[in-house]
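# Observations on the three-dimensional arrangement
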Amino acid sequence: MASVNKVILVGNLGKDPEIRHLEGGVAVARFPIATSETFKDKNGAKQERTEWHNIVLWRGLAEVAEKYLRKGQSVYIEGKIRTNNYQDKEGVQRYSTEIVADNMTMLGGRSENGGSGNFQEQSTAASSGSFGGGSAASSAGSNASSFQNSDEPDDLPF
């Protein structure tokens with residue numbers, strides 16, 4: 001039986017992206033985004049609920065995040081849910097859930113440049129992580145730029 005692991009989020013960055021460069025120059029960016037919903041409780045009072053999501057970007061998307069994303073900006077994220085487990089210092093089993101993004105669109109919000117752009121990882125791009133159709137600076141104001149994601153294994157079982 002087929003299955004689907006797809007997440008779509010629109011939210012605001014809780015802090016600036018944290019960037020690491022792994023061996024071989026592979027960039028990884030991590031940052032939280034907040035999504036909020038408002039509703040009325042049983043007494044008719046307006047309530048707001050905020051959920052925090054840990055976002056992970058690889059390669060070209062991570063480099064774009066490093067250059068252009070800042071705390072407070074709105075962003076559209078498409079990706080998949082990944083749960084990791086580990087043991088903490090006291091030997092207690094812990095779990096963390098993150099969204100591994102393969103598509104990101106900057107929606108603007110609290111930034112100086114106010115630019116928006118659609119950035120997507122593509123497994124068919126060259127392994128150099130180069131931009132499809134221009135540089136990062138020219139891509140930031142456009143609606144589409146492509147990036148590669150050959151670091152992630154193909155999760156299909158066939």
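Let us look at the structure shown here. (Residues numbered from 1 in each chain as written. Predicted model: local features only at pLDDT ≥ 70, side-chain atom pairs only at ≥ 80, totals over all residues. Heavy atoms only, no water.)

### With respect to the pattern of salt bridges
- Under the definition given, this model contains five salt bridges.
- Its salt-bridge partner being Lys6, residue Glu78 comes within 2.7 Å of it at the nearest N-O pair. Taken together, the residues Glu78 in strand β5 (residues 74-87) and Lys6 in the segment before β1 (7-13) connect sequence positions 72 residues apart.
- A salt bridge links Glu18 to Lys15; its shortest N-O distance comes to 2.8 Å.
- Owing to a relative accessible area of 47%, Glu18 belongs among the partly exposed residues under this scheme.
- You can call Lys15 partly exposed: its relative accessible area is 37%. (Salt bridge = Lys/Arg side-chain N within 4 Å of Asp/Glu carboxyl O. Helix = DSSP H or I, 4+ residues; strand = E, 2+ residues; numbered from the N terminus. Buried < 20%, exposed > 50% of the residue type's maximum accessible area, 1.4 Å probe, protein only.)

### Section: the pairing of strand β4 (residues 46-58)
- Bridge count for strand β3 (residues 27-40) against β4 is 13 bridges, and the pairing is antiparallel. In the sheet register, Ala29 faces β4, and the bridge partner there is Leu57.
- Linkage of β3 to β4, two consecutive antiparallel strands, is achieved through a turn of five residues, within which Gly44 is found at a positive phi near 85°.
- Where β4 lies against strand β6 (residues 93-108), two bridges are found, and the strand directions are parallel. Opposite Val56, over in β6, you have Val100 as the bridge partner. (Pairing = 2+ DSSP bridges.)

### Side note on the nonpolar core
- One finds Phe31, Ile33, Ile55, Leu57, Ile77 and Met104 to be the most contacted residues of the largest nonpolar core, which totals 21 residues.
- At the level of elements, β1, β3, β4, α1 (59-68), β5 and β6 are the ones that each hand at least two residues to this core.
- Counting residues per element, this core draws most heavily on α1, at five residues.
- When neighbours within four sequence positions are excluded, Ile33 is seen to be in contact with Leu9, Gly11, Asn12, Leu13, Gly14, Glu51, Trp52, His53, Ile55, Val75 and Ile77.
- Within the second largest apolar cluster, five residues are counted, among which are Val26, Val28, Val56 and Trp58. (Core = buried A, V, L, I, M, F, W, Y, C linked by side-chain atoms within 4.5 Å. Contact = heavy atoms within 4.5 Å.)

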